[in-house]
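Coordinate analysis (summary)
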Amino acid sequence: MEFPNYIPPLGKKLLNRFAEYHKTKTGGLFITGNHDYWTMDHFRNCGFDVEYEYRLLNVDSNSFFLTHGDGLSDSLFNLERPLLHRILRNPGFVKIFQTIFSGITGNHVMKSFSELTRDNRKLNTERLSKWARSTLDNNSFDYIITGHDHVPRKETFSTGSYINTGAYYLHKSAAIYNKGEVNLVRWDNDNMIFKPFSNKPDKSVLQ
Amino acid sequence: MKLLFLSDVHLGALTEAENSTLEEEIIQIINFCESNNYTIHILGDLLTIGWNSQIIFRHLEKNY
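**A look at the overall build of chain B**
For chain B, the helix and strand inventory stands at 2 helices and 2 strands. Taking all 64 residues of chain B together, the buried fraction comes to 61%. The long-range fraction of contacts in chain B, counting pairs at least 24 apart against all pairs at least 6 apart in sequence, stands at 75%.

**Examining the environment of Asn 183 of chain A**
All names here are of chain A. Along the chain, the position of Asn 183 falls in strand 9 (residues 181-188). Note on Asn 183: relative accessible area 29%, which makes it partly exposed. Expressed as a C-alpha distance, the spacing of Asn 183 and Lys 154, which sit 29 residues apart in the sequence, is 7.6 Å. Polar side-chain contacts of Asn 183 include one of 3.0 Å to the side chain of Glu 181.

**Side note on the side chain of Asp 70 of chain A**
All names here are of chain A. Structurally, Asp 70 is set in the loop between strand 4 (62-67) and helix 3 (83-89). On the basis of relative accessible area, Asp 70 is assigned to the buried category, the value being 2%. Beyond its immediate chain neighbours, meaning those up to four positions away, Asp 70 contacts Asn 34, Glu 80, Arg 81, Pro 82, His 85, Arg 89, Arg 127 and His 148.

**Concerning the sheet that holds strand 4 of chain A**
All names here are of chain A. Read from one edge of the open sheet, 5 strands run 3-4-5-7-6, paired in mixed fashion. Among the strands making up the open sheet, the edge pair consists of strand 3 (54-59) and strand 6 (153-157). Averaged over all pairs of adjacent strands, the angle between strand axes in this sheet comes to 15°, irrespective of strand direction. The pairing of strand 6 with strand 7 (residues 160-164) spans 5 bridges and is classified as antiparallel. Bridging across to strand 7, Glu 155 finds its partner in Tyr 162.

**Section: the packing of helix 1 (residues 12-24) of chain A against helix 1 (residues 16-35) of chain B**
Remark: helix 1 of chain A packs on helix 1 of chain B, axes separated minimally by 9 Å, with the N-to-C direction vectors making an angle of 5°. Judged by the inter-axis angle, helix 1 of chain A sits roughly parallel to helix 1 of chain B. Contact with helix 1 of chain A, carried on its side by Lys 12, Lys 13, Leu 14, Arg 17, Phe 18, Glu 20, Tyr 21 and Thr 24 of chain A, involves Glu 23, Glu 24, Ile 26, Ile 27, Ile 30, Asn 31, Cys 33 and Glu 34 of chain B of helix 1 of chain B and no other residues of that element. Of the residues belonging to the contact of helix 1 of chain A with helix 1 of chain B, the class tally is 7 nonpolar, 2 polar and 7 charged.

**Description of the interface of chain A and chain B**
When the parts of a complex come together, some accessible area is lost, and that lost area is often taken as the interface size. Counting residues at the interface gives 71 residues for chain A, matched by 48 residues for chain B. Here chain A packs against chain B, burying approximately 5,300 Å² in sum over the two surfaces, 64% of which is carbon and sulfur. Summed over the shared surface of chain A and chain B, the number is 3 salt bridges. At the surface where chain A touches chain B, the tally comes to 27 residue pairs in polar contact (both at pLDDT 80 or more). Among the elements that line the side of chain A that touches chain B, the one with the most residues is helix 1 of chain A, at 9 residues. Residue composition of the side of chain A that touches chain B, grouped by class: 33 nonpolar, 25 polar and 13 charged.

**Comments concerning helix 1 of chain A**
Looking at helix 1 of chain A, one finds that the buried residues are Leu 14, Leu 15, Arg 17, Phe 18, Tyr 21 and His 22 of chain A. Seen end-on, helix 1 of chain A carries its buried residues on one side only, within an arc spanning 155°. Set apart from the buried face of helix 1 of chain A by more than 90 degrees, the exposed residues are Lys 12, Lys 23 and Thr 24 of chain A. Where helix 1 of chain A is buried, its residues touch helix 2 (42-45) of chain A together with helix 1 and strand 2 (38-42) of chain B.

How each quantity is defined
Numbering of residues begins from 1 in every chain and follows the order in which that chain's sequence is written. Here every chain gets a letter starting at A, and every ligand a number starting at 1, in the order they are written. Confidence filtering applies because this is a predicted model: local features only for residues at pLDDT of at least 70, side-chain atom pairs given and counted only at 80 or more, and all residues used for totals across whole chains, interfaces and linings. Hydrogens and water molecules were not included; the side-chain quantities draw on all heavy atoms of the structure. Strands are runs of DSSP state E lasting at least two residues, helices are runs of H or I lasting at least four, and both sets are numbered from the N terminus onward. Between buried and exposed lies partly exposed: a residue is buried under 20% and exposed over 50% of the maximum accessible area for its type, with that area taken using a 1.4 Å probe on protein chains only. Should any heavy atoms of two residues lie within 4.5 Å, those residues are counted as being in contact. Distance and chemistry together define a polar contact, namely a pair of N or O atoms within 3.5 Å, with one atom able to donate a hydrogen and the other to accept it when in protein, and with adjacent residues in sequence counting only for side-chain atoms on both sides. We treat two strands as partners when DSSP finds at least two bridges between them. An axis is simply a line fitted to the C-alpha atoms; with a helix, the fit covers only the stretch in contact. Between two such axes, the angle follows the N-to-C directions and lies from 0 to 180 degrees. Working rule for angles: under 35 degrees goes down as roughly parallel, over 145 as roughly antiparallel, 65 to 115 as roughly perpendicular, anything else as oblique. Note that Gly is not counted as nonpolar here; it falls among the polar residues with everything else outside the nonpolar set of Ala, Val, Leu, Ile, Met, Phe, Trp, Tyr, Cys and Pro and the charged set of Asp, Glu, Lys and Arg. Summed over both partners, the accessible area lost on bringing two parts together, with a 1.4 Å probe, is the buried area. Definition used for salt bridges: Asp or Glu carboxyl oxygen within 4 Å of a side-chain nitrogen of Lys or Arg. Of all possible arcs, the one meant is that of the directions from the helix axis to the C-beta atoms.

Written out as structure tokens, the structure is:
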């Protein structure tokens, strides 16, 4: 997490690469999750369009609702954040924390705290799946895309589709929009290509 | 238009060697997206400070 005058070294090489990428490719979003929402200017300086809640996108003739999945402040969308996340996102709490601790110490404190409070939320897919279906039923989105619960899946309803990109570190999974539709994919680092997401080997190639 | 949606990379949550591999993979993905004209949207938890217990991760992988 960023502090005034302190940027954690974590992911420096990656963020520098994003900064290079964004010199020619603008418009990339960074929607903060529950592990990386203490941002100041660093992600923006790397060229990201930073969003803390959700973003609506219209691409071609499709509408997207994008969010991390931990929760939303706007009660209109009926996806309440857990109390702990509301506290940690509270500007007053952040200000006090950053006043008490230096950047290095503050990150050590949060690291220890994070290890203590790590939950096993990947097993609970029902919360986001039910919410997505209800939101699709009551709005005109074509796609809702989130992460958070670490289980990659695509659920298609008559009112739209819900895609959870899953946890990249576990499944190498992501979602791709191309030719008017969204599909789950898996990164094949040996061949430097995305393949359709499946537990079975698949020789198809997406470009 | 082509878009890539990526989340829960959790770079920083694994061992040093695993984090390094993960970081290189995401850089390769950026290279792919650059070459193939994809816009990358990050949907949270790209970085994680903490919970780097290998035991937790091995448990999650084993039980997925």
